[in-house]
Amino acid sequence: MHTPPPANLPALPALLATLHPSFATHWQALPPHPTASTLRQHAAHWLSWLASNTAPFPEHQLPVLHSVLASWQLSHPASATLFPSTSSEARSILAAWIGYADQHTLHAELLSTLHWAEQFPLAVAPWLVTVNAAFREQVVKVLSAAPAAAKDQAALEWWHHQTAKNQRAEIRSAALNVLVQQLQLPAFSIAATQYLVSELERSPAATDTIVAALRRLVPPPVPVAPPTEPAAALQWAIQEYLPYRRWQANQAANPAATAQVQQLAQTFSDWFLSAYPDHLVGTKAPHQQQYWAKRALKTPAADEIVLWIIADGLGWGDALTLQQLVVNRAGGRLSLAAATPCFGLVPTITSHTKRAVRWAVPLHHTEAAKANYFTQQPIPPADVRGIDNLAEAVQNAQPGQVLVWQPPEPDSIYHHPGSAQTIRNKAEGSLNGLAISICEAVNAVPATNSVRVLITTDHGRLLSESPRVLEPIAGFTGHGRAAFRAKAPAGLPIPRPEGALDTDTVRWLDPERYRLPDWVAVARTDASFKIVNNNGGMRGGTDLFPHGGAWPEEVVVPWVELHSHLAKLLVGGVLTGENRSNRAGVATLQLVNTSPRPARLRQVEISIPRLEPLVVAFDDLLPDSAELQWAIDLPRWPDTAQADKTQVTVMLYTPDGEQHYFTLTANLRNTDLRQVSANPLDDLL
């Protein structure tokens, strides 16, 4: 017969609190109707404590323990599985709840409970060592067991199991880190395919370091030959060439890839220098940097302050990194309005480009442009000089003003001595510093004012090392991948210097054609010019990340715009043309962007009654406040009845990731009644 305990004995939870004070605050009975959040927290604390309490409970304490646990389990059956009585059970449940257990080992009852429990509610830092070890064991097992041809699929399946779990960000990041570490080992490198890398890159846990490591595993597709139409050449540079070039530059030794890059870059360089005088500088087209610079210098709106940052030596990849850092730090005040590649100026050295970009004119016209702006604009642009704190300058700015800041970073970092990886790491740090300065300045703009941030550069830079093997001719000084005279001869035209001959390795830029103050030599290959040493002789060696030439990464530069009040994209237009019905013809698509934000035209859909819809793909820039036209081939021209009901829809894409659809007017006319032929049978043919 069971004898009840004496009435003066303490309650069981209080007894356990005395016996196990490290868990004293959690032994108390749960309220009759706790919230799900309270219950999850209690279960997480119990599992964490029990898992770390590896010594078994003494036999005489087990009845008390089981009684308390039973009260928890019976009162809250949905969470009953989360209240085990042994350390081994607790560790197993924790592994599943935190998200590092092998998914195949979990039973249905626990999976159902974890679905209710949602994400583990406590900090997981104490478990990360265990988590990494468990993930490493799983990945090695999965990759080792898979045949060589299926290792990539095995790795992807393991990763998809992780993304299906309700893991905290730290656990998801640990899983990705472990998988990438294993894929870098020679034994498993065969598992890395482009598809696998692309899938892993999409994860929010994929940091810049992880992305860089992934891209080193698998080469991007080898680019096709560069196109010779300016807008297409820009897209080729950022979509095909630069991804392959970044991968190639990170290879310790890959002669085939190096030769491929040399051929592509030199072909591009030859085309660029040939097209530059007539098509790439001084024209009113969005594929050249001075087009955007001129727009930057226009008077802003009356309530707006514009911060124009001309960072020194900011290549396309660094610009995208800086843009993301600024958006992340801006606390939601800034949105990306434009991230546009454009052709910069040559030679790609600061002395020949920075002032020209700043005043949006060729170098020898900068003083006149400066005087013009200061006399014609009500509030002329102000240069932030002698001050590192951009926010301080903003405090003195007036609404309706452009502030121009020209920091020496990241160029100054790239010219520091050190290994390539050390320099890259320091450059990344300098971008973070720039982002902090920009966001501090944005925060200094009163909330009642709009703020617009423009980011560009004076030149790009080579993505690899460069041997100093080119000899500058007499009177010229080598500066990276360019050579120029400190002082040009008086008078125009300037005769070609003696010995200034185009070769397989050097191209000479005529000052009249290239709008320069004097002749300049630029490298055609990946080489740099020798520099003068202390004894007056020429010194060779190696340049890391130099500039001055005309390779894609040197001349394709960024134009980034961030707005505090991102305007709605407004696009209208019309599809026009005339032709005989039922015959092939060419229509003209005219688009008008009346908003202050650019977009890219991606697709045009033309629906003609009784015909299959015609979908035409594009990838063309439509600048803000601009009007452009495109020709579209129609396989079968509509008759009058069809033309009246033809519908045209365009899809545009903005840099903030949004797709925008607009319905346009169709004005397609047929000329059937106007076709009078001497032979009536012609109309039947």
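Analysis parameters
- Residues numbered from 1 in each chain as written.
- Predicted model: local features only at pLDDT ≥ 70, side-chain atom pairs only at ≥ 80, totals over all residues.
- Heavy atoms only, no water.
- Helix = DSSP H or I, 4+ residues; strand = E, 2+ residues; numbered from the N terminus.
- Rg over C-alpha atoms; globule rule 2.2 N^0.38 Å.
- Buried < 20%, exposed > 50% of the residue type's maximum accessible area, 1.4 Å probe, protein only.
- Contact = heavy atoms within 4.5 Å.
- Areas by Shrake-Rupley, 256 points an atom, 1.4 Å probe, with all protein chains shown as cover.
- Core = buried A, V, L, I, M, F, W, Y, C linked by side-chain atoms within 4.5 Å.
- Axes fitted to C-alpha atoms, helices over the stretch in contact; angles between N-to-C directions.
- Parallel < 35°, antiparallel > 145°, perpendicular 65-115°, else oblique.
- Left-handed = near helix turned anticlockwise from the far one by under 90°.
- Nonpolar A, V, L, I, M, F, W, Y, C, P; charged D, E, K, R; others polar.
- Salt bridge = Lys/Arg side-chain N within 4 Å of Asp/Glu carboxyl O.
- Pairing = 2+ DSSP bridges.
- Phe/Tyr/Trp six-rings, centres within 6.5 Å; stacked < 30°, edge-to-face > 60°.
- Expected span 1.5 Å × (residues − 1).

**Q** What should I look at first to understand the overall build of the protein chain in this one?
**A** Scanning the protein chain from N- to C-terminus turns up 22 helices and 22 strands. Since a compact globule built from 685 residues should have a radius of gyration of about 26 Å, the 33 Å found for the protein chain marks it as more spread out than a globular shape. Counting only C-alpha atoms and orienting by the principal axes, one finds that the protein chain spans roughly 120 × 90 × 60 Å. Counting all 685 residues of the protein chain, 48% fall into the buried class. Partitioning the contacts of the protein chain with sequence separation of at least 6, the portion at a separation of at least 24 is 72%. When the accessible surface of the protein chain is split by element, carbon and sulfur atoms take 55% of a total near 32,200 Å².

**Q** Whenever I open this one, the nonpolar core confuses me. Can you help?
**A** One recurring pattern in soluble globular proteins is that nonpolar side chains are buried together. One finds Phe 268, Phe 272, Trp 308 and Phe 343 to be the most contacted residues of the largest nonpolar core, which totals 60 residues. Per-element tally for this core: the top contributor is helix α12 (residues 255–280), with 11 residues. Every residue in contact with Phe 268, bar those within four places of it in the chain, is listed here: Pro 226, Ala 233, Trp 236, Phe 343, Ala 550, Trp 551, Pro 552, Val 555 and Val 556. By size, the runner-up hydrophobic cluster in this structure holds 59 residues, among which are Phe 83, Tyr 100, Trp 127 and Val 211.

**Q** What's the story with the packing of helix α2 (residues 36–52) against helix α4 (residues 87–98) in this structure? I'm lost.
**A** Relative placement of two packed helices is described by the angle separating their axes and the distance separating the axes. One can describe the packing of α2 onto α4 by two numbers: an axis separation of 8 Å at closest approach and a directional angle of 130 degrees. The orientation of α2 relative to α4 falls into the category oblique. Crossing handedness for the pair α2 and α4: left-handed. Here α2 contributes Arg 40, Ala 43, Ala 44, Leu 47, Ser 48, Leu 50 and Ala 51 to the contact with α4, which in turn contributes Ser 87, Ala 90, Arg 91, Ile 93, Leu 94 and Trp 97. For the contact of α2 with α4, the class distribution of residues is nine nonpolar, two polar and two charged.

**Q** Please clarify how the pattern of salt bridges should be interpreted in this entry.
**A** Where charged atoms of side chains with opposite charge meet at close range, the side chains can pair. Applying the stated criterion to the full structure yields 21 salt bridges. The salt bridge involving Arg 513 is made with Asp 278; its shortest N-O contact spans 4.0 Å. Taken together, the residues Arg 513 in helix α20 (residues 511–514) and Asp 278 in helix α12 connect sequence positions 235 residues apart. Note on Arg 513: relative accessible area 40%, which makes it partly exposed. The class for Asp 278 is exposed, based on a relative accessible area of 51%. Between Asp 619 and Arg 602 there is a salt bridge, and its shortest N-O distance comes to 3.2 Å.

**Q** Would you take a moment to explain the environment of Gln 263 for this structure?
**A** Within the secondary structure layout, Gln 263 lies in helix α12. Judged by relative accessible area, Gln 263 falls into the exposed class, the value being 52%. Expressed as a C-alpha distance, the spacing of Gln 263 and Ala 225, which sit 38 residues apart in the sequence, is 9.1 Å.

**Q** Just checking my understanding: could you explain the pairing of strand β10 (residues 520–523) for this structure?
**A** Strand residues, when the strand is regular, have side chains that alternate between the two faces of the sheet. Of the two faces of β10, the one holding Val 520 and Val 522 and the one holding Ala 521 and Ala 523 are both buried throughout. Pairing geometry for strand β8 (residues 482–484) and β10, over three bridges, is antiparallel. Across the sheet, residue Phe 484 finds its bridge partner in β10, namely Val 520. Pairing of strand β9 (residues 506–509) with β10, which is carried by four bridges, proceeds in the antiparallel orientation. Directly across from Val 506, in β10, lies its bridge partner Ala 523.

**Q** What is the right way to look at the sheet that holds strand β22 (residues 659–670) in this model?
**A** Sheets are built from strands that pair by backbone hydrogen bonding, the pairs being arranged parallel or antiparallel. The strand order β19-β18-β21-β22-β16-β17-β20 describes an open sheet built from seven strands, whose pairing is mixed. The open sheet is flanked by β19 (614–622) and β20 (626–634), the only strands paired with a single partner. Recorded for the sheet is a direction-independent mean angle of 25 degrees between the axes of neighbouring strands. Here six bridges tie strand β16 (residues 571–579) to strand β17 (residues 585–593), and the two strands are oriented antiparallel to one another. Residue pairing in the sheet places Val 571 in a bridge with Asn 593 of β17.

**Q** Can you help me understand the sheet that holds strand β11 (residues 528–529) in this one?
**A** The strand order β11-β6-β14 describes an open sheet built from three strands, whose pairing is mixed. Edge positions in the sheet fall to β11 and β14 (542–544), since each has one partner strand and no second.

**Q** Explain the packing of aromatic side chains to me, please; I cannot follow it from the model alone.
**A** Taken as a whole and assessed by the stated rule, the structure comprises 18 aromatic pairs. Consider the rings of Tyr 276 and Tyr 514, whose centres lie 5.5 Å apart with planes at 20 degrees: the pair is stacked. Here Tyr 276 is found in helix α12, whereas its partner Tyr 514 is found in helix α20, with 238 residues between them in sequence. In this structure Tyr 276 comes out as buried when scored by relative accessible area, which is 1%. On the basis of relative accessible area, Tyr 514 is assigned to the buried category, the value being 7%. Relative to Trp 508, the ring of Phe 476 has its centre 5.2 Å away and its plane inclined at 90 degrees; by these criteria the two rings are edge-to-face. With Phe 476 in the loop between β6 (465–470) and β7 (477–479) and Trp 508 in strand β9, this residue pair connects regions lying 32 residues apart in the sequence. Grouping residues by exposure puts Phe 476 and Trp 508 together as buried.

**Q** Any chance you could explain the side chain of Asp 411 here in plain terms?
**A** When you line up the elements, Asp 411 lands in helix α18 (residues 411–414). Using a relative accessible area of 8% as the deciding quantity, one classes Asp 411 as buried. If we ignore the near neighbours within four places in the chain, the residues touching Asp 411 are Asp 312, Gly 313, His 459, Arg 461 and His 547.

**Q** When you look at α12 in this model, what are you seeing that I'm missing?
**A** Because each turn of an α-helix spans 3.6 residues, side chains separated by three or four positions end up pointing in the same direction. An ideal rise of 1.5 Å per residue puts 38 Å on 26 residues; α12 reaches only 33 Å between its terminal C-alpha atoms. The first or second residue beyond α12 is Gly 282, which carries a positive phi of 80 degrees.

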